[in-house]
Amino acid sequence: AQSVAQPEDQVNVAEGNPLTVKCTYSVSGNPYLFWYVQYPNRGLQFLLKYITGDNLVKGSYGFEAEFNKSQTSFHLKKPSALVSDSALYFCAVRDTGNQFYFGTGTSLTVIP
Amino acid sequence: DVKVTQSSRYLVKRTGEKVFLECVQDMDHENMFWYRQDPGLGLRLIYFSYDVKMKEKGDIPEGYSVSREKKERFSLILESASTNQTSMYLCASRNPQRGTDTQYFGPGTRLTVL
């Protein structure tokens, strides 16, 4: 069965420090992987995706994610966190049947 | 820009009422989805639709039904609302063509069932 795990409910990081939000997946076949961000009282916004090609994917707002096939991971990263990055982050995987599976979300707090 | 709108941001209903949640997208997307979002559970798929008049059950369809009579509109129906259906409901649409794999989400409807 397809699934996504986000092992951390909450991540705190100081402003200006690098941040990582972790995601591991389980999917049959080639994975299609996504990161979304949700600001308070808003819907989800697309950040980036991995379909094929380079393992390092760059997305919106300076975020990037690294696809690691051997570790079945797709961690979200940013070199220097901003207070405005504080939000809820969701990792998702799509299976070959067009259905998406989301993780439980990680709440990121960037401390000024 | 793709725009996905949902008919209400906040909704309060009573147990047993029939509830309609409407979602409209303006980009001619074939696929549309309904999720519910609960703390600690993430997003769970209720129903999705590949195209007009087509629907597929997701992971948690019990207590819900859907309607897609027109391509741009996907409705979620709670036939008899219950308190355990209090949740945030998110609609999404997607163009399944290769290279445009992204789902676009509406702002959500926070439903409270009393």
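Everything below is about the structure printed above this text.
Every value quoted in this text rests on a predicted model; they were computed, and no experiment measured them.

Cut-offs and rules
- Residues numbered from 1 in each chain as written.
- Chains lettered and ligands numbered in written order.
- Predicted model: local features only at pLDDT ≥ 70, side-chain atom pairs only at ≥ 80, totals over all residues.
- Heavy atoms only, no water.
- Salt bridge = Lys/Arg side-chain N within 4 Å of Asp/Glu carboxyl O.
- Helix = DSSP H or I, 4+ residues; strand = E, 2+ residues; numbered from the N terminus.
- Buried < 20%, exposed > 50% of the residue type's maximum accessible area, 1.4 Å probe, protein only.
- Contact = heavy atoms within 4.5 Å.
- Buried area = accessible area lost by both parts, 1.4 Å probe.
- Pairing = 2+ DSSP bridges.
- Phe/Tyr/Trp six-rings, centres within 6.5 Å; stacked < 30°, edge-to-face > 60°.
- Disulfide = S-S within 2.5 Å.
- Polar contact = N/O pair within 3.5 Å; in protein donor to acceptor, adjacent residues only side chain to side chain.

Peer 1: Account for the pattern of salt bridges, naming residues and giving values.
Peer 2: All names here are of chain B. If you walk through the whole model with that rule in mind, you get 10 salt bridges over all chains. In this structure, D28 and K71 form a salt bridge, with 3.3 Å as the shortest nitrogen-oxygen distance. Of this pair, D28 sits in the loop between β3 (19-25) and β4 (31-38) while K71 sits in the loop between β7 (65-70) and β8 (73-78), and the two are 43 residues apart along the sequence. Residue class for D28 comes out exposed when judged on its relative accessible area of 52%. Given a relative accessible area of 21%, K71 falls into the partly exposed group. Residue K71 is joined to E30 by a salt bridge in which the shortest nitrogen-to-oxygen separation is 3.9 Å. Placement of K71 in the loop between β7 and β8 and of E30 in the loop between β3 and β4 is noted, with a sequence separation of 41 residues between them. Here the salt bridges do not stand alone but share partners, grouping D28, E30 and K71 into one network.

Peer 1: Tell me about the interface of chain A and chain B, residues and numbers included.
Peer 2: Contact residues are listed per partner, giving 22 residues for chain A and 24 residues for chain B. For the pair chain A and chain B, the summed buried surface comes to about 1,800 Å²; carbon and sulfur atoms form 49% of the total. Counting across the chain A and chain B interface gives zero salt bridges. When contributions to the side of chain A that touches chain B are tallied by element, the ones reaching two or more residues are β5 (32-38), β6 (44-50), β10 (87-94) and β11 (100-102) of chain A.

Peer 1: Outline unusual backbone geometry, supporting the account with residue identities and numerical values.
Peer 2: Residues and elements named next belong to chain B. Look at D28: it is not a glycine, yet its phi comes out positive at around 60 degrees. Positive phi, close to 65 degrees, is recorded for K53, a residue that is not glycine. Secondary-structure assignment places K53 in the loop between β5 (42-49) and β6 (56-57).

Peer 1: Give a detailed account of the pairing of strand β8 (residues 64-68) of chain A, specifying residues and quantitative values.
Peer 2: Residues and elements named next belong to chain A. With three bridges joining them, strand β7 (residues 56-58) and β8 adopt antiparallel strand pairing. Opposite K58, over in β8, you have E64 as the bridge partner. From the end of β7 to the start of β8, which pair antiparallel, there are five residues, and Y61 there has a positive phi angle of about 60 degrees. Both β8 and strand β9 (residues 73-78) contribute to a ladder of five bridges, which runs antiparallel. Residue pairing for β9: A65 is matched across the bridge by L76. What sits between the antiparallel neighbours β8 and β9 is a turn of four residues, in which T72 has the positive phi angle 45 degrees.

Peer 1: Please set out the packing of aromatic side chains residue by residue, giving values where relevant.
Peer 2: Residues and elements named next belong to chain A. The tally for this structure, following the rule as stated, stands at 17 aromatic pairs over all chains. Ring centres of F34 and F100 lie 5.3 Å apart, and the angle between their planes is 55 degrees; this geometry places the pair in the tilted category. In this pair, F34 sits in strand β5 while F100 sits in strand β11, placing the two residues 66 residues apart along the sequence. Comparing F34 with F100, the two get one shared label, buried. An angle of 50 degrees between the planes, with centres 5.9 Å apart, marks the rings of Y36 and F102 as tilted. Taken together, the residues span a long stretch of sequence, with Y36 in strand β5 and F102 in strand β11 at a distance of 66 residues.

Peer 1: Quick rundown of the state of the cysteines? Include the residues and the values.
Peer 2: All names here are of chain A. Counted according to the given criterion, the structure contains two disulfides over all chains. A sulfur-sulfur separation of 2.0 Å characterises the disulfide bridge that pairs C23 with C91. Measuring the twist about the S-S bond at about -65 degrees, one finds the C23-C91 disulfide to be left-handed. In this pair, C23 sits in the loop between β3 (19-21) and β4 (24-26) while C91 sits in strand β10, placing the two residues 68 residues apart along the sequence. Here C23 and C91 have matching classes, each one buried.

Peer 1: Outline the side chain of K78 of chain A, listing residues and values.
Peer 2: Residue and element names in this part refer to chain A. Checked against the element boundaries, K78 lands in strand β9. Side chain to side chain, K78 and D85 meet in a polar contact 2.8 Å long. With near-sequence residues (within four places) excluded, K78 lies in contact with P18, L19, Y61, G62, F63 and D85.

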